[in-house]
Structure formats: C-alpha cells, structure tokens
Amino acid sequence: MHITLVQGDITEQRVDAVVNAANSSLMGGGGVDGAIHRRGGPAILEECRALRASRYPDGLPTGQAVATTAGDLPARWVIHTVGPIHSTSEDRSHLLRSCHVEALRVADGLGARTVAFPAISTGVYGWPLDSAARIAVDAVRRAETSVTSVEEVRFVLFDRKAYEAFESALAG
Ligand code: AR6
C-alpha cells in the first residue's frame, strides 16, 4: 500500500472512496462534510437518513465508519467517520486512530483500491495538526500490515500548513 499526499479539495479526487469527517448525526455540517454533501448531491443524505433509521438510530459513534454512495462525486463511495473533539484533559487519540482503521476496514469490505482521507478532527473539532498527522499516518501504516485490497491511501490536505504537517509525519 502506498501513502500519498495531495494539497487540494477532497471532493475533486478520482478515487474509489473518499472519507468524510462527519458528525454522529450523519446529517451533514461544515468543513469537509459540508463540501461532500454539496458536491455529492442529495443521494448521500438520503442514504445517511436510511442508516439512521436502521443501523444507527442513536447516530454513528465516534471512531466508527460507515459507507454510502458518493452521489455526483467522482468517487464511488463516501466512507463517513466521526473524529473525536480534541480535549486537553483527556487523551482521545485512540478514537482518532480508530477512525482511520475502521474507514480502511470498510474500504476493504467494499473492494476499494484507492481511498482519500481528509485531516480528520483538525478543523471544527480542534485537533492540533502535527499531532493529528502523526496519529493518522501511524494508524494507516499499522493497518498496512494486515491483508487489504487498498493500494493507495491519499491524504488530501486543504492548505499548505496541513500538507507540511503530514509531510513531516510521513518522514518521521
Ligand atoms: N477538502 C479537503 N480538506 C478540507 C476541505 C475539503 N473540501 N474542507 C475543509 N478541509 P473539518 P473535523 C479541511 O472541520 O475537524 C463538520 O461540521 C480542514 O481545513 O471538516 O473533523 C462535521 O459535520 C481541516 O484541516 O472536520 C462535524 O460536525 C480538515 O479538513 C465537524 O465539522 C477537517 O476539518 C467535524 O470536524
């Protein structure tokens, strides 16, 4: 499996699956989540509503992942995961790690070969970039050792600062 970095917009990626930094409600929001629903169109929200009505009546728990159609996006699937809100009093890094591992597990189940991740939890959820980048890269590298159909994990970073944080994490 290759880990690659791109500076850009995740909604424009031609990959099998894009990962969404969602919230438990699965009903959309700002940041990556807002962009994915806007560009992907109503089919995504429709499947999210169905998931809430069936598997996740109380919402998708933090650290877990679930797939829907990608609607009008160039990707085939959106894998929604809920990152932890950063806390200075509690270590929630296992939950951020879990987002990456679970999203890859779902990708594997779908047969996805290329998967794009945003910098989960580093926007509205306030996780410091350098720390989030280390956790994300480490989680994906560990998952790499298990049998997986995923050939490329592409981190798609919105700005230069995020790109550089992931670049350092990859080099470390
Ligand atoms: N492509 C790639 N990266 C992006 C894009 C984009 N189109 N837009 C923003 N980013 P955030 P979180 C970057 O806030 O912190 C939502 O309201 C952004 O610069 O999207 O996990 C959800 O509904 C940042 O580095 O996700 C939840 O309520 C990173 O993506 C909550 O925000 C993540 O920022 C989740 O917060």
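This text gives an overview of the structure that appears in the document. Worth saying up front: this structure is predicted, and the values here are computed from it rather than measured. (Residues numbered from 1 in each chain as written. Predicted model: local features only at pLDDT ≥ 70, side-chain atom pairs only at ≥ 80, totals over all residues. Heavy atoms only, no water.)

One pass over the full model with this rule turns up seven salt bridges. One salt bridge in this structure joins Glu12 and Arg39, with 3.7 Å as the shortest N-O distance. Taken together, the positions of Glu12 in the loop between strand 1 (2-7) and strand 2 (17-22) and Arg39 in helix 1 (residues 31-40) put the pair 27 residues apart, joining distant regions of the chain. Judged by its relative accessible area of 41%, Arg39 is partly exposed. The salt bridge involving Arg113 is made with Glu151; its shortest N-O contact spans 3.0 Å. Placement of Arg113 in the loop between helix 3 (93-110) and strand 5 (114-117) and of Glu151 in the loop between helix 4 (129-143) and strand 6 (152-157) is noted, with a sequence separation of 38 residues between them. (Salt bridge = Lys/Arg side-chain N within 4 Å of Asp/Glu carboxyl O. Helix = DSSP H or I, 4+ residues; strand = E, 2+ residues; numbered from the N terminus. Buried < 20%, exposed > 50% of the residue type's maximum accessible area, 1.4 Å probe, protein only.)

This next bit is on the packing of helix 1 against helix 2 (residues 42-53). In the contact formed by helix 1 and helix 2, the axes pass within 6 Å of each other and the chain directions differ by 115 degrees. For the pair formed by helix 1 and helix 2, the contact residues are Ile36, His37 and Gly40 on the first element and Pro42, Ile44, Leu45 and Cys48 on the second. Classifying every residue of the contact of helix 1 with helix 2 by side-chain character gives five nonpolar, two polar and no charged. (Axes fitted to C-alpha atoms, helices over the stretch in contact; angles between N-to-C directions. Contact = heavy atoms within 4.5 Å. Nonpolar A, V, L, I, M, F, W, Y, C, P; charged D, E, K, R; others polar.)

What follows covers the nonpolar core. In this structure, Phe117, Phe155, Leu157 and Phe166 are the most contacted members of the largest nonpolar core, which totals 35 residues. Taken together, the elements giving at least two residues each to this core come down to strand 1, strand 2, strand 4 (77-82), helix 3, strand 5, helix 4, strand 6 and helix 5 (160-171). Counting residues per element, this core draws most heavily on helix 4, at eight residues. For Phe166, the contacting residues outside a window of four places in its chain are Leu5, Ala119, Ala133, Ala136, Val137, Phe155 and Leu157. (Core = buried A, V, L, I, M, F, W, Y, C linked by side-chain atoms within 4.5 Å.)

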